Amino acid sequence: MKKTRKESTITTEPVRRLSPWRVSLAILIVAGLISGCIFAAQNWQVLTNQNGPTAPWFASYVDVTATPTFAFEQLGTTKNRDVILSFVVARNASTCEPTWGTAYTMDQARGALDLDRRIARLRQQGSNIAISFGGQRNDELAVACKDTNELEAAYRAVIQRYQINTIDLDIEGDGLNNSEANNRRATAVAALQKDMRAQGNSLAVWATLPVAPTGLSEAGTDTVSILLSKGVDLAGVNAMTMDYGQSLPAGSTMASASQSALIQTHRQLGILYKKVNIQLSDRALWAKIGATPMIGQNDISNEIFTMNDAKDLNSFAQSQGIGRMSMWSANRDLTCGSNYINLQVVSSSCSGIDQQGKTFAEYLSSGFTGSMTKSAYKVTTTDPKASAKPTPDDPNTSPYQIWSDTGAYLEGTKVVWHHNVYKAKWWTQGDLPDSPVLQSWQTPWELIGPVLPGEKPIPQATLPAGTYAEWSGDASYNTGDRVLFNGVPYQAKWWNKGQSPAASTSNPTSSPWAPFTEAQLEQVQKQLQK
């Protein structure tokens, strides 16, 4: 995500910690008065007693150190009031001291930014906060801090200072590709989470990672794998659906690319959990997925996340039941002012597009009515239903042919397998569509999405008479020859004579004929329209 850095001189001051006894004493002494520490402590006590069902939640990122300062405390009067404050990073490349963007220690932020009081004001209005560690710029704590115990203490100091039960690990850049940092981070967070749970408190941990339309990178899946293997109970993986660069398919919208990224991340997450012997249903996995677009103009000039993209992404997210929606950032959720010569800019304080008086928050948050604090109390366990053998695919309710291990499938062919639709990326035979591979290049199949309720077999598309010659039992056909059979186009896989294309439906492997793929049909139809 795009971050703004602010420089200042840092002096080391001790981080204040609140024990339950001191909190109680403080409340008795200053009863009736409102202070940052009191509201933080009161909120903490409430959080430790919340239980019950949870719903998907929305919270915007807020860049704490960006200029001009964003008044996040005023979000408490709006519909979308929860925030994720970012970014806590190391003081410098060789320290375990947490700071806000290297610009302020925790105590300096209390004074210079009045941060503690503003958080208290937000909470006074019934809102919640999470803290994001890391980000693209500066040194993430796990990268700079070489001692695992000191790293755990640094995380703990921030959590206790702001009395939170949800943290966000924004892992990218050096933090993503550093295996030593990945192991330190996972070990420290796992120990901290275990200790907090032992004390009756909860700690939700979200891993925020960059994605492409093909899902998480190998470094991303490695990072999640290490977190899980070290015992971190992840609340979920939050996909940064932004800045796709060369991975953005031609003609794709930001919404469609983001949907593909989320589908693939969901697939990858299921495999990663199976590797640590945790079986989760599709629904449970979607609840562990988050999405964070960069609203408006992205860092890459040709990538603009529009209001329509926000509506489409929200609709998809609701249909799948993803657990979290965020955006980068609340600071940017408005049209740039008249002092901008060109609206299409990457700014830390406006979106770079004309929002027509609307906000991205209202579109992205629709249907996300839950609370991040309640979600923090969910503990990941195996879903007995997920380990059950899937019911067989029904040809009467499948839009495409059901995959067969003896079938041969041309590029572009769609099949149904385990109630999902897949498309062949190249010719394939015998390759399971849901083979547990983490990276998309390792499989010839592309996951399109689930079979929808009420779907029926899609009739084979036809072409106008005369597009190709009608099949004849007396004619000989060479490889690549095309014919029409009852209006349906077929292509010969090898030389044949007297073998009807009708047999390709019941026995596609031994039949010399293959019906056209969607890609072939589209190509021919375009030619016919010229």
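Check the entry above for the structure.
Keep in mind it's a predicted model, so treat the numbers as computed, not measured.

## Structural notes on the sheet that holds strand β22 (residues 488-492)
Backbone-to-backbone hydrogen bonds join strands into a sheet, with any given pair of strands oriented parallel or antiparallel.
For step 1, the next point in the chain: What the three strands build is an open sheet, ordered β21-β22-β24; its pairing is antiparallel. Looking at the sheet topology across the chains shown, the edges are occupied by β21 (482-485) and β24 (513-515). Going from strand to strand, the sheet's axes swing by 40 degrees on average, the running direction of each strand aside.
For step 2, the next point in the chain: The pairing of β22 with β24 spans three bridges and is classified as antiparallel. Its bridge partner lying in β24, Gln491 is registered against Ala514.

## What about the packing of helix α8 (residues 179-198) against helix α9 (residues 218-229)?
For step 1, the next point in the chain: Relative to each other, α8 and α9 sit at 35 degrees, their axes nearing to 8 Å. Crossing of α8 over α9 shows right-handed handedness. Where α8 abuts α9, its residues Asn182, Asn183, Arg185 and Ala186 lie against Thr223, Ile226 and Leu227.

## Some words on helix α4 (residues 115-124)
For step 1, the next point in the chain: With seven of its 10 residues buried, α4 lies for the most part within the structure.
For step 2, the next point in the chain: All buried positions along α4 are accounted for by Leu115, Asp116, Arg118, Ile119, Ala120, Leu122 and Arg123.
For step 3, the next point in the chain: One or two positions beyond α4, positive phi appears at Gly126, with a value near 85 degrees.

## Notes on the state of the cysteines
For step 1, the next point in the chain: Applying the stated criterion across every chain yields a total of two disulfides.
For step 2, the next point in the chain: Here Cys336 is linked by a disulfide to Cys350, with a sulfur-sulfur distance of 2.0 Å. Between Cys336 and Cys350, the S-S torsion sits near 85 degrees, and that sign places the bridge as right-handed. With Cys336 in the loop between β14 (324-325) and α13 (360-364) and Cys350 in the loop between β14 and α13, this pair connects stretches of sequence that are 14 residues apart.
For step 3, the next point in the chain: With relative accessibility at 6%, the residue Cys336 sits in the buried group.

## A look at the pattern of salt bridges
For step 1, the next point in the chain: Applying the stated criterion to the full structure yields 12 salt bridges.
For step 2, the next point in the chain: A salt bridge links Glu97 to Arg91; the shortest N-O distance between them is 3.2 Å.
For step 3, the next point in the chain: Its relative accessible area of 16% is what places Glu97 among the buried residues.
For step 4, the next point in the chain: The partly exposed category is assigned to Arg91, whose relative accessible area is 27%.
For step 5, the next point in the chain: A salt bridge links Asp116 to Arg161, with the nearest nitrogen and oxygen atoms 3.2 Å apart. Here Asp116 is found in helix α4, whereas its partner Arg161 is found in helix α6 (residues 148-162), with 45 residues between them in sequence.

## Quick notes on the sheet that holds strand β19 (residues 445-450)
For step 1, the next point in the chain: One open sheet holds the three strands; their spatial order is β16-β17-β19, and the pairing between them is antiparallel. Edge positions in the open sheet fall to β16 (414-417) and β19, since each of these has one partner strand only. Across the sheet, the mean angle separating the axes of adjacent strands is 30 degrees when strand polarity is ignored.

## Remarks on the packing of aromatic side chains
For step 1, the next point in the chain: Counting across every chain of the model gives 13 aromatic pairs.
For step 2, the next point in the chain: Seen in terms of ring centroids, Phe87 and Trp328 are 5.4 Å apart; in terms of plane orientation they differ by 25 degrees. Their pairing is stacked. Here Trp328 lies in the loop between β14 and α13 and Phe87 lies in strand β3 (residues 83-90), a separation of 241 residues in the sequence.
For step 3, the next point in the chain: Exposure remark for Phe87: the relative accessible area of 7% places this residue in the buried category.
For step 4, the next point in the chain: Residue classification places Trp328 among the buried positions, given a relative accessible area of 1%.
For step 5, the next point in the chain: The structure contains a cluster of three or more aromatic residues connected by ring pairs, namely Tyr61, Phe87 and Trp328.

## Regarding the pairing of strand β8 (residues 204-212)
For step 1, the next point in the chain: By the criterion of burial, β8 is predominantly enclosed, with eight of the nine residues buried.
For step 2, the next point in the chain: Alignment of strand β7 (residues 166-170) against β8, held across five bridges, turns out to be parallel. Opposite Leu169, over in β8, you have Ala207 as the bridge partner.
For step 3, the next point in the chain: As paired strands, β8 and strand β10 (residues 234-241) are joined by six bridges and run parallel to one another. Residue pairing for β10: Pro210 is matched across the bridge by Met240.
For step 4, the next point in the chain: As paired elements, β8 and strand β9 (residues 215-216) share two bridges and run antiparallel to each other. By the bridge assignment for β9, Val211 is matched with Leu216.

Conventions adopted
- Residues numbered from 1 in each chain as written.
- Predicted model: local features only at pLDDT ≥ 70, side-chain atom pairs only at ≥ 80, totals over all residues.
- Heavy atoms only, no water.
- Pairing = 2+ DSSP bridges.
- Helix = DSSP H or I, 4+ residues; strand = E, 2+ residues; numbered from the N terminus.
- Axes fitted to C-alpha atoms, helices over the stretch in contact; angles between N-to-C directions.
- Left-handed = near helix turned anticlockwise from the far one by under 90°.
- Contact = heavy atoms within 4.5 Å.
- Buried < 20%, exposed > 50% of the residue type's maximum accessible area, 1.4 Å probe, protein only.
- Disulfide = S-S within 2.5 Å.
- Salt bridge = Lys/Arg side-chain N within 4 Å of Asp/Glu carboxyl O.
- Phe/Tyr/Trp six-rings, centres within 6.5 Å; stacked < 30°, edge-to-face > 60°.

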